[in-house]
Amino acid sequence: MGSHSHEVTDAILDTLKRAGSGLKEVGVRFALAGGCGGYARGAAPSLHDVDFALVEEDVPLALKTLENMGFRTERPPEDWLVKAFDEEGVLVDLIFQLADRPVTPEMIGRATMINTAALSLPVLEATDLVISWILPLSEHSCDYSGLLPTVRAMREQVDWDRVAGVVESSPYASTFLVLLERLDVIGKPTPVPVERWP
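**Here's the deal with the environment of alanine 44**
- As for its position among the elements, alanine 44 is in the loop between helix H2 (34–40) and strand E2 (50–54).
- Residue alanine 44 is classed as exposed on the basis of its relative accessible area, which comes to 60%.
- For the pair formed by alanine 44 and alanine 153, sequence separation is 109 residues and the distance between their alpha carbons is 7.9 Å.

**Here's the deal with the packing of aromatic side chains**
- Scanning the entire structure with this criterion turns up two aromatic pairs.
- Centroid distance phenylalanine 30 to phenylalanine 52: 5.1 Å. Interplanar angle 80°. Geometry classified as edge-to-face. Of this pair, phenylalanine 30 sits in strand E1 (residues 30–33) while phenylalanine 52 sits in strand E2, and the two are 22 residues apart along the sequence. Phenylalanine 52 carries the same exposure label as phenylalanine 30, and that label is buried.
- Both rings, one in tyrosine 144 and one in phenylalanine 176, keep their centres 5.1 Å apart while their planes meet at 45°; by these two values the pair is tilted. Pair noted here: tyrosine 144 is in the loop between helix H5 (126–134) and helix H6 (147–154) and phenylalanine 176 is in helix H8 (residues 171–182), with a separation of 32 residues, a long-range link.
- Among the residues examined, tyrosine 144 registers a relative accessible area of 17% and is labelled buried.
- Given the relative accessible area of 0%, phenylalanine 176 is considered buried.

About the criteria used
Residues numbered from 1 in each chain as written. Predicted model: local features only at pLDDT ≥ 70, side-chain atom pairs only at ≥ 80, totals over all residues. Heavy atoms only, no water. Helix = DSSP H or I, 4+ residues; strand = E, 2+ residues; numbered from the N terminus. Buried < 20%, exposed > 50% of the residue type's maximum accessible area, 1.4 Å probe, protein only. Phe/Tyr/Trp six-rings, centres within 6.5 Å; stacked < 30°, edge-to-face > 60°.

The following block contains the structure:
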């Protein structure tokens, strides 16, 4: 099982490097998101696919670029992402809405260049990553267990006051912050009023 998970992780990182390099070369405005974004920022790898956040206007260029590299692309029924699969079947999600909000050039501009899988790639700001993970929590999807170790590993990179301001209206996301407090992962945040996110 252990060696198989290493093989899976290696395959995903290879795809990440290949797709990321191609998108970077043609100037797509994107940043690493999801589990790969957490991994790039020091969390333990829990990788199932590659997630890139990108500005919706750049989706056609991103799809064309990946198709030219041999990826099979598809537009699923969901209206917030498109998908690409490499020859090995590894999935790349191209996400242009996070938590029902469009990915903006400003969000991509806040991303940090981080050496990931031996390639320097833009990675979503840690604060934006955490917001993108906890804001969608709901009564139908409220599993804190997977989030805890990832967020704990990144806690010093996150502006928790800003997170608290953005998620204040969500009882599920706000409760996760209370849990982090009670576990001494973070101090008590003071919500910063946020006009809009992202």
